[in-house]
Amino acid sequence: MADGASRPIRAALWPALVLIALLALAPALSIWLDDPFTVKIATRIVIFAIGAVALDLTLGYAGLVSLCQAAFFGVGGYVVGILAWHQANSEAVLAGWMGSSELALTLPLAFLVAGLFAAAVGAVSLRTGGPYFIMITLAFNQMLYYGAVALQKYGGDDGLQIINPLTLFGYDISNRYKFFYLALTMLLATVLLIDRLARSRFGVVLRAAAVNETRAIAVGVAPWPYRLVAFAITGALAGLAGALLAASQQFISPADMAWDRSGDFVVMTALGGVATVWGPIIGAAAFIFTELSLSSYMQHWQLPFGLIILAIVLLLRGGLAQLVDLARGAKKGGEAVHD
Amino acid sequence: MTDVLEVRNLYKRYGGLVATNGVNLSVRPGEMHAIIGPNGAGKTTLISQLQGMVRPDAGEIFIDGVNVTATPAHQRAGLGVARSFQIASLIPDFSVLDHAAFAVQAQLGHSFRFWRRADREEILLAPAREAVEAAGLGARMHSPARDLSHGERRQLELAIALAQRPKILLLDEPMAGMGKQDGQRMTQRLADLKGRYSMLLIEHDMAAVFSLADRLSVLVSGAIIKTGTADEIRNDPQVRAAYLGHG
């Protein structure tokens with residue numbers, strides 16, 4: 001038997017690639033339906049999928065429930081927004097630099113700044129564990145949220161409008177189809193990165209320590225530094241997703257950083273299936289579709305939505321990804337009869 | 001030659017209970033040293049202090065002449081201390097080979113390696129397979145831990161400890177809860193490992209202990225009342241009164 005020959009589908013990469021390929025058809029569908037709204041929804045799904053796949057490194061693989069994902073998401077959004085604001089207003093950010101609306105520069109910056117914020121938050125939060133970790137990440141989320149509210153210069157509570165057109169390598173990308181493919185490329189990169197990380201020695205430590213910290217320590221690995229790096233990577237990618245959201249809607253506001261948005265990310269990841277790279281993509285899509293369709297029927301759409309999530313979590317312990325396992329399991333059982 | 005493990009005057013107290021009461025102990029290179037004692041004598045607490053999960057109140061612990069009394073558990077593992085747990089401490093999703101490979105990985109320095117697939121790194125897998133074979137689990141190489149029987153889980157505990165390439169093996173009741181056949185097989189396996197590793201063995205199975213150990217120490221109420229060869233222990237009136245008489 002070859003190593004890894006019987007790798008379960010949950011750990012496989014290809015379902016994520018299939019989902020991304022399907023998403024890539026969204027602009028065609030949008031044109032065919034003559035409905036520009038379709039590609040807008042698809043862009044939103046892709047952006048939130050980046051945040052959810054990234055969160056899975058911390059939540060699914062490292063087993064740490066963080067309620068700070070929206071804050072890092074917002075930090076990334078504000079990096080893009082603030083730098084564009086400075087350029088539009090010809091006011092120096094620092095040392096005579098007038099800001100930028102060039103995404104080839106501001107997206108990596110958003111990634112970096114959010115990653116640094118996450119490293120700082122993680123360094124403190126990871127000193128705790130279990131429910132305390134959840135509470136302290138929630139507290140940091142609220143701190144950063146009110147930090148954004150306090151940015152009076154950049155719109156405060158009302159949020160920050162991006163008035164100048166954003167570019168990528170000098171090309172205008174306000175075209176929603178072009179922008180969609182930019183976001184989809186970032187999702188693909190995120191999926192490939194998280195998949196590699198999860199299978200590397202680094203990922204082995206995260207996965208082992210998530211389930212049995214005593215064992216990890218007994219063989220000689222203290223999980224703390226690995227968890228910190230995972231938390232920072234998760235935050236950095238959230239920042240990238242937030243930057244894309246800000247760019248796609250030409251707007252970012254503290255509402256995008258609210259703590260319930262952090263809860264949404266946890267729901268997306270758990271709904272789709274933790275510790276898979278493709279579950280969170282399904283989770284993000286299901287979340288945004290359900291939010292959209294239920295909210296058009298009723299104002300209090302969260303109530304039936306909550307019931308749906310409850311049902312999924314209770315019936316499918318592994319999230320929506322488990323449906324595939326179940327289908328395959330049934331098939332396998334059928335084959336076994338013939339053996 | 002320095003002792004691989006040396007314990008001087010170790011004390012540990014939990015409230016009114018003295019779990020470790022002035023223990024002195026040594027394990028020579030290549031020796032199998034067994035600790036026997038009635039339930040509640042403080043055997044597992046002693047092992048936990050040697051591994052570093054529990055801090056002693058007083059006393060000193062040396063590994064290969066290095067004072068490790070204040071060294072945290074994960075660093076002691078790096079210095080060559082491996083422990084098999086009395087209650088198997090495993091990762092249900094990980095295969096047998098994954099467990100051993102993780103132990104090998106932990107010995108190879110830091111794990112900030114982000115790109116190569118760990119399950120294809122021969123540098124991890126080759127020593128891991130060897131350890132699994134040595135523990136007699138070769139046939140279950142790719143089974144997830146959750147599918148293993150009780151006896152196989154005990155074997156996996158041993159495989160993980162061996163994969164650490166330890167200077168000293170701390171074996172906490174490796175035969176506990178095993179059936180007669182499994183127990184005999186484990187005894188044979190430990191006999192095969194004898195001389196290649198320095199071992200500190202805690203075990204209830206008296207027949208196994210007396211056949212395996214070079215030296216034995218009898219732990220009663222946290223204190224060692226006698227250390228000696230199997231014959232010396234068997235014939236010691238104090239030991240008979242305190243312990244063997246009840247067995």
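What you are looking at is a predicted structure, and each value in this text was computed from that prediction instead of being measured.

### Points about the overall build of chain B
Looking only at helices and strands, chain B has 9 helices and 10 strands in total. The C-alpha atoms of chain B give 18 Å as radius of gyration, which agrees with the globular expectation for 247 residues (18 Å, within 12%). Residue burial in chain B is summarised as follows: out of 247 residues, 54% are buried. Pairs at least 24 residues apart make up 67% of the contacts formed inside chain B by residues separated by at least 6 positions. With 28 positive and 26 negative side-chain charges, chain B shows a spacing of 2 Å between the two charge centroids.

### Looking at the overall build of chain A
Along the backbone of chain A there are 14 helices and 4 strands. The C-alpha atoms of chain A give 20 Å as radius of gyration, which agrees with the globular expectation for 339 residues (20 Å, within 12%). C-alpha extents for chain A along the principal axes are approximately 75 × 55 × 40 Å. Put simply, chain A has 339 residues, and 53% of those count as buried. Summed over all atoms, the accessible surface of chain A reaches about 14,800 Å², with 68% contributed by carbon and sulfur.

### Regarding the packing of helix H3 (residues 36-61) of chain A against helix H12 (residues 279-297) of chain A
Residue and element names in this part refer to chain A. Where H3 contacts H12, the axes come no closer than 8 Å and their chain directions differ by 135°. As the angle between them shows, H3 and H12 are arranged oblique. Read as a crossing pair, H3 and H12 show a hand that is right-handed. Together, Phe37, Ile41, Arg44, Ile45, Phe48, Ala49, Ala52, Val53 and Asp56 of H3 and Pro280, Ile281, Ala284, Ala285, Ile288, Phe289 and Leu292 of H12 make up the contact between the two elements.

### Focus on the confidence of the model for chain A
Residue and element names in this part refer to chain A. Summary statistics for chain A give a mean pLDDT of 90 and a share of 94% for residues scoring 70 or more. Within the model, the stretch residues 1-6 combines pLDDT values under 50 with 7 contacts to residues more than four positions away or in other chains. Confidence over residues 331-339 falls short of pLDDT 50; this stretch has 0 contacts with residues more than four positions distant or in other chains.

### Regarding the packing of aromatic side chains
According to the stated counting rule, one finds 14 aromatic pairs over all chains in the structure shown. With a centroid separation of 5.4 Å and 35° between ring planes, the pair formed by A:Phe48 and A:Phe73 is classed as tilted. Of the two residues, A:Phe48 sits in helix H3 while A:Phe73 sits in helix H4 (residues 69-88), which places them 25 residues apart along the sequence. Side by side, A:Phe48 and A:Phe73 carry an identical accessibility label, which is buried. Taken together, the ring pairs connect A:Phe202, A:Tyr226, B:Phe112 and B:Phe114 into an aromatic cluster. Here the basic side chain of A:Arg127 rests over the ring of A:Trp224, its NZ or CZ set 4.3 Å away from the ring centre.

### A closer look at the sheet that holds strand E5 (residues 66-67) of chain B
Residues and elements named next belong to chain B. Reading across from one edge, E2-E1-E4-E5 is the order of the 4 strands in this open sheet, with antiparallel pairing throughout. Each end of this open sheet is capped by a strand with a single partner; those strands are strand E2 (17-27) and E5. Strand direction decides the pairing type here: strand E4 (residues 58-63) and E5, joined by 2 bridges, are antiparallel. Bridge pairing in E5 links Ile63 to Val66. Strands in contact with helix H1 (residues 43-51) are strand E1 (5-14), E2 and E4; relative to E1, the strand with the most contacts, it is inclined by about 120°.

### Observations regarding the side chain of B:Asp172
All names here are of chain B. Checked against the element boundaries, Asp172 lands in strand E7 (residues 168-172). Exposure remark for Asp172: the relative accessible area of 0% places this residue in the buried category. Here Thr44 takes part through its side chain, which lies 3.1 Å from a polar atom of the side chain of Asp172.

### Describing the domain arrangement of chain B
Residues and elements named next belong to chain B. Domain assignment breaks chain B into domain 1 (1-80 + 168-247) and domain 2 (89-165). Computed from C-alpha atoms alone, the centre-to-centre distance between domain 1 and domain 2 is 25 Å. Taken together, the contact pairs 16 residues of domain 1 with 12 residues of domain 2. On the surface where domain 1 and domain 2 come into contact, there are 0 salt bridges. Where domain 1 packs against domain 2, one counts 5 residue pairs in polar contact (both at pLDDT 80 or more). Secondary structure elements with two or more residues in the side of domain 1 that touches domain 2: helix H2 (73-78), E7 and helix H6 (180-193).

### So, the pattern of salt bridges
Per the stated rule, a full pass over the model turns up 21 salt bridges over all chains. Notably, a salt bridge pairs B:Lys167 with B:Asp64, separated by 3.6 Å at the nearest N-O pair. With B:Lys167 in the loop between helix H5 (150-163) and E7 and B:Asp64 in the loop between E4 and E5, this residue pair connects regions lying 103 residues apart in the sequence. Judged by its relative accessible area of 39%, B:Lys167 is partly exposed. Taking the relative accessible area as the measure of exposure, B:Asp64 reaches 35% and is therefore partly exposed. Residues joined in a network through salt bridges with shared partners are A:Asp256, A:Arg261 and A:Asp264.

### Looking at the confidence of the model for chain B
Of the residues in chain B, 98% reach a pLDDT of 70 or more, and the chain-wide mean stands at 92. Ranking the helices and strands of chain B by mean pLDDT puts helix H3 (residues 96-107) of chain B first, with 97, and helix H9 (residues 237-242) of chain B last, with 82.

### Digging into the nonpolar core
A:Leu103 and A:Leu187 are the most contacted members of the largest nonpolar core, which totals 165 residues. Among the elements that take part in this core, H3(A) stands out by supplying 16 residues, more than any other. Lining this core are residues from two domains, each supplying at least three of them: domain 1 (1-80 + 168-247) and domain 2 (89-165) of chain B. Counting 21 residues, the second-largest nonpolar core is a separate cluster that includes B:Ile35, B:Leu50, B:Val81 and B:Leu170.

Reading the values: the criteria
- Residues numbered from 1 in each chain as written.
- Chains lettered and ligands numbered in written order.
- Predicted model: local features only at pLDDT ≥ 70, side-chain atom pairs only at ≥ 80, totals over all residues.
- Heavy atoms only, no water.
- Helix = DSSP H or I, 4+ residues; strand = E, 2+ residues; numbered from the N terminus.
- Rg over C-alpha atoms; globule rule 2.2 N^0.38 Å.
- Buried < 20%, exposed > 50% of the residue type's maximum accessible area, 1.4 Å probe, protein only.
- Contact = heavy atoms within 4.5 Å.
- Lys, Arg positive; Asp, Glu negative; His and termini not counted.
- Charge placed at Lys NZ, Arg CZ, Asp CG, Glu CD.
- Areas by Shrake-Rupley, 256 points an atom, 1.4 Å probe, with all protein chains shown as cover.
- Axes fitted to C-alpha atoms, helices over the stretch in contact; angles between N-to-C directions.
- Parallel < 35°, antiparallel > 145°, perpendicular 65-115°, else oblique.
- Left-handed = near helix turned anticlockwise from the far one by under 90°.
- pLDDT = per-residue confidence, 0-100.
- Phe/Tyr/Trp six-rings, centres within 6.5 Å; stacked < 30°, edge-to-face > 60°.
- Lys NZ or Arg CZ within 6 Å of the ring centre and 35° of its normal.
- Pairing = 2+ DSSP bridges.
- Polar contact = N/O pair within 3.5 Å; in protein donor to acceptor, adjacent residues only side chain to side chain.
- Domains from an automatic or database assignment.
- Salt bridge = Lys/Arg side-chain N within 4 Å of Asp/Glu carboxyl O.
- Core = buried A, V, L, I, M, F, W, Y, C linked by side-chain atoms within 4.5 Å.

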